[in-house]
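Working through the structure, step by step
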Amino acid sequence: MRYAYGDKSWPHDENGYLEHFESWDEDLAAVIAAAEDIILTPEHWEVLYFLRQYYADFEIAPAIRVLTKAVARRLGPEKGNEAHLRRLFPGGPAKQACKIAGLPRPTGCV
Amino acid sequence: MKNFVFVVRRAAHGTAHGRELAEAAMLAGAMDQSVAVAFLDDGVFQLKSGQCPAAVGAVAVTGPLAALAEDGLARLYVESESLAERNLSAEDLAVATQVLTRAEMSDLLGRADVILTA
């Protein structure tokens, strides 16, 4: 199973999570977001790049409550709250945002 | 709020126990519980710097532990006697961890409402 854009393609798992974290780029993010019915705004990109950095630093895809706390600590409480993140990613802030950011499925996510 | 202590007594990567305990501690911390993670016996090897888990198809333990500590989700403790018995010291550890004596560790465990071991 692969995502495709132009002459590029990226393998993903059975739930749509990217196989290779480092192969991600912004074209891919747009492809996955479109499949999830999301139009990416600067606010979305901020969360996506936050998640990419978090995973690069800590090698773990954060569950929703972990993500909320981490965003609040680093970007401030107006960004790090569940309502804001749910507005951006209605399919579940951790689950959906991790998928678009090219991370594995978050821990504790069913 | 309950006082959780997660106790790790085995080295990393032979099993996924360390990683799974770190993930569980992370979730408990995110649920606003009081969480400590204690490394005893061979568990101290989980913290050792210079690990390369991908080489054996395993996932990192020190990364999630660093996230726990940085985001204030849990406090990390390591037992000084366990380190000394394995010829290790605090400088060998990849993650900033508070060193406790065996007696202090036993106080920590004595104060816990819930103890989970791996």
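These lines cover the structure that appears in this document, whether it is placed above or below. (Residues numbered from 1 in each chain as written. Chains lettered and ligands numbered in written order. Predicted model: local features only at pLDDT ≥ 70, side-chain atom pairs only at ≥ 80, totals over all residues. Heavy atoms only, no water.)

Here's the deal with the packing of aromatic side chains
Per the counting criterion, the structure on display carries 6 aromatic pairs over all chains. Centre to centre, the rings of Trp 24 of chain A and Tyr 49 of chain A are 5.6 Å apart; their planes meet at 85°, and the pair counts as edge-to-face. Of the two residues, Trp 24 of chain A is situated in the loop between strand E2 (8-11) and helix H1 (26-35) and Tyr 49 of chain A in helix H2 (residues 42-58); the sequence distance between them amounts to 25 residues. Exposure remark for Trp 24 of chain A: the relative accessible area of 10% places this residue in the buried category. Taking the centre distance of 6.2 Å and the plane angle of 15° together, the rings of Phe 4 of chain B and Phe 6 of chain B count as stacked. Arg 52 of chain A extends its terminal NZ or CZ atom over the ring of Phe 21 of chain A, reaching a point 3.9 Å from the ring centre. A cation sits over an aromatic face here: Lys 99 of chain A above Tyr 17 of chain A, 5.4 Å from the ring centre. (Phe/Tyr/Trp six-rings, centres within 6.5 Å; stacked < 30°, edge-to-face > 60°. Helix = DSSP H or I, 4+ residues; strand = E, 2+ residues; numbered from the N terminus. Buried < 20%, exposed > 50% of the residue type's maximum accessible area, 1.4 Å probe, protein only. Lys NZ or Arg CZ within 6 Å of the ring centre and 35° of its normal.)

Overview of the environment of Gly 16 of chain A
Residue and element names in this part refer to chain A. With respect to the secondary-structure elements, Gly 16 resides in the loop between E2 and H1. Using a relative accessible area of 7% as the deciding quantity, one classes Gly 16 as buried. Separated by 59 residues in the primary sequence, Gly 16 and Leu 75 place their C-alpha atoms 28 Å from one another. Residue contacts for Gly 16: discarding those within four places in its chain leaves Tyr 3 and Lys 99. (Contact = heavy atoms within 4.5 Å.)

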